[in-house]
Amino acid sequence: MYIGELAKLSGASAKAIRHYESLGLLGRVERQGVYRVYGQQDVQVVQWIKQAQSLGFRLAEIVAAFQRDADGQLDWREMSRQIELKRSAVQQEVARLQALEACLTTIHLEINECLSGEPLAAEPSPEQAKFYAFCADSQPA
């Protein structure tokens, strides 16, 4: 099949397919004169690339994951390793976002305390005390 049919079957643009080929993601692509000729396996590979991108993989990471062995077959162990690396990065990002959410919640509560004029903390921490002082100074007279 030619690139137009591969694009239609895989959902990727011809430009993207050429780019994947230039990165080595499609392996060796046969030629018929000046035309590239793709097989059914190329449809699957392009679909995998698109799926990997939808899961947050950058093309550089996909290139690392789509290593091929001496026979030109995909190296599934390397792909598995790259997936584990991505999972670890996602877990770290989730932890970072949870910490950010906790900070935003604390700040939101402190602002609401400031607006109410009655701090909820009986013994405010030094940071809370500074914030309460800032709130008091910022209130209209």
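Relevant structure appears above.
Residues numbered from 1 in each chain as written. Predicted model: local features only at pLDDT ≥ 70, side-chain atom pairs only at ≥ 80, totals over all residues. Heavy atoms only, no water.

A. Representation of the side chain of E61. With respect to the element layout, E61 can be found in helix 4 (residues 59–65). If near-sequence neighbours (up to four positions away) are discounted, E61 is found in contact with G56, Q82 and K86. (Helix = DSSP H or I, 4+ residues; strand = E, 2+ residues; numbered from the N terminus. Contact = heavy atoms within 4.5 Å.)

B. Layout of helix 1 (residues 3–10). Within helix 1, burial applies to I3, L6, A7 and S10. Viewed end-on, helix 1 has its buried residues packed into an arc of 100 degrees, placing them on one side of the element. Looking at the residues trailing helix 1, positive phi occurs at G11, about 85 degrees. (Buried < 20%, exposed > 50% of the residue type's maximum accessible area, 1.4 Å probe, protein only. Arc of directions from axis to C-beta.)

C. Layout of the packing of aromatic side chains. Summed over all chains, the structure comprises 2 aromatic pairs. The interplanar angle of 45 degrees and the centroid separation of 5.3 Å between the aromatic rings of Y2 and Y35 together place this pair among those described as tilted. Taken together, the residues Y2 in the segment before helix 1 and Y35 in strand 2 (residues 35–37) connect sequence positions 33 residues apart. Y2 gets classed as partly exposed once you look at its relative accessible area, which sits at 42%. According to the relative accessible area criterion, Y35 is exposed, its value standing at 52%. The ring of F57 has K86 lying over it, and the distance from NZ or CZ to the ring centre is 5.3 Å. (Phe/Tyr/Trp six-rings, centres within 6.5 Å; stacked < 30°, edge-to-face > 60°. Lys NZ or Arg CZ within 6 Å of the ring centre and 35° of its normal.)

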